[in-house]
Amino acid sequence: GEKYIVLDRDSKLKLIKLYFSKKGINPYYYQERAKSIDDDVVIQLPTGTGKTETALLWFSGHSSTKLFYTLPTVTTVGAMRSRFEEIFDRNKVSFSHHLLEISLLEEERLTESELFIQKHLIRPIAVTTIDRILLSLMNWKRYTVSEMMLNNAVIIIDEIHSYSPFTFSLIIEALRYLKEYHNTKICIMSATLP
């Protein structure tokens, strides 16, 4: 069977620094500072200035062993998933979106156990669309497993500006709920926050 590997604070930082080194990235001062911020954060930086890396360094400073990284589209989830598999290793990354079964079928990984692991975002790093988080909080189709995974987790909402006002209001209420009932740490990111 698959070995579930927990990412402790030292492991997270080591893997992220190794990725920086491989890519020849020297962290900016604000990225280094992000490691020591224990509160929820809003990261607003121009495109290409390292928002994702800043958020990952912020995550590395937390004791949480679980990261949920949300994006608005299947395409962006796929791109970020590839990036995170490079940083953290494939066996540490789960992904989920409405085309999950097709993605697993194309990768010849569509088994009952793999579908469960991916659908419920079991691995330490989870990349998904925001609707998966919202549905888990509404207990849609036995998503209680996904909701449980949010306990003491870190959640990064990327591209928050891209949602409609209705969806944005659902996200805000979901974040309030996660803070109150799941002790979730929150990072919101955007290059163009209104």
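Structure: above.
Residues numbered from 1 in each chain as written. Predicted model: local features only at pLDDT ≥ 70, side-chain atom pairs only at ≥ 80, totals over all residues. Heavy atoms only, no water.

Regarding the overall build of the chain
From N to C terminus, the chain includes 9 helices and 6 strands. For 194 residues, the compact-globule estimate of 2.2 N^0.38 gives 16 Å, and the C-alpha radius of gyration of the chain, at 16 Å, lies within 12% of that figure. Dimensions of the chain, computed from the C-alpha atoms along their principal axes, are close to 45 × 40 × 30 Å. Considering the chain as a whole, with its 194 residues, one finds that 47% of them fall into the buried category. The contacts of the chain with a sequence gap of at least 6 include a subset with a gap of at least 24, amounting to 72%. Carbon and sulfur atoms form 55% of the exposed surface of the chain, whose accessible area is close to 10000 Å². Positive and negative side-chain charges of the chain, numbering 24 and 23 respectively, have mean locations separated by a distance of 3 Å. (Helix = DSSP H or I, 4+ residues; strand = E, 2+ residues; numbered from the N terminus. Rg over C-alpha atoms; globule rule 2.2 N^0.38 Å. Buried < 20%, exposed > 50% of the residue type's maximum accessible area, 1.4 Å probe, protein only. Contact = heavy atoms within 4.5 Å. Areas by Shrake-Rupley, 256 points an atom, 1.4 Å probe, with all protein chains shown as cover. Lys, Arg positive; Asp, Glu negative; His and termini not counted. Charge placed at Lys NZ, Arg CZ, Asp CG, Glu CD.)

Looking at the nonpolar core
Counting 29 residues, the largest nonpolar core has Leu67, Phe84, Phe88, Ile125, Ile156 and Cys187 as its most contacted members. Core analysis: the next-biggest nonpolar cluster, separate from the first, contains 22 residues, Ile117, Ile122, Leu134 and Leu137 among them. (Core = buried A, V, L, I, M, F, W, Y, C linked by side-chain atoms within 4.5 Å.)

Considering the environment of glutamine 31
Considering the arrangement of structural elements, one finds glutamine 31 in helix α2 (residues 29-34). Assessed through its relative accessible area of 2%, glutamine 31 is described here as buried. Spatially, the C-alpha atom of glutamine 31 lies 38 Å from that of leucine 110, the residues being 79 residues apart in sequence. Once residues within four sequence positions are removed from consideration, glutamine 31 is found in contact with Phe20, Asn26, Thr49, Gly50, Glu53, Thr54 and Leu57. Separated by 3.1 Å, the side chain of glutamine 31 and the backbone oxygen of glycine 50 make a polar contact. (Polar contact = N/O pair within 3.5 Å; in protein donor to acceptor, adjacent residues only side chain to side chain.)

Considerations on the sheet that holds strand β1 (residues 41-44)
What the 6 strands build is an open sheet, ordered β1-β6-β5-β2-β4-β3; its pairing is parallel. Two strands lie at the open edges of the sheet, namely β1 and β3 (93-96), each paired on one side alone. Neighbour to neighbour, the strand axes of the sheet diverge by 15 degrees on average, direction disregarded. Inspection of the sheet shows β3 paired to strand β4 (residues 125-129) by 4 bridges, in the parallel sense. (Pairing = 2+ DSSP bridges. Axes fitted to C-alpha atoms, helices over the stretch in contact; angles between N-to-C directions.)

What to know about helix α1 (residues 9-23)
With 15 residues, α1 extends 21 Å from end C-alpha to end C-alpha; this agrees with the ideal 21 Å at 1.5 Å per step. Among the residues of α1, those classed as buried are Lys12, Ile16, Tyr19 and Phe20. The arc that holds every buried residue of α1, seen down its axis, measures 100 degrees, which confines them to one face. In α1, the exposed positions that point more than 90 degrees away from the buried face belong to Asp10, Lys14, Ser21 and Lys22. (Expected span 1.5 Å × (residues − 1). Arc of directions from axis to C-beta.)

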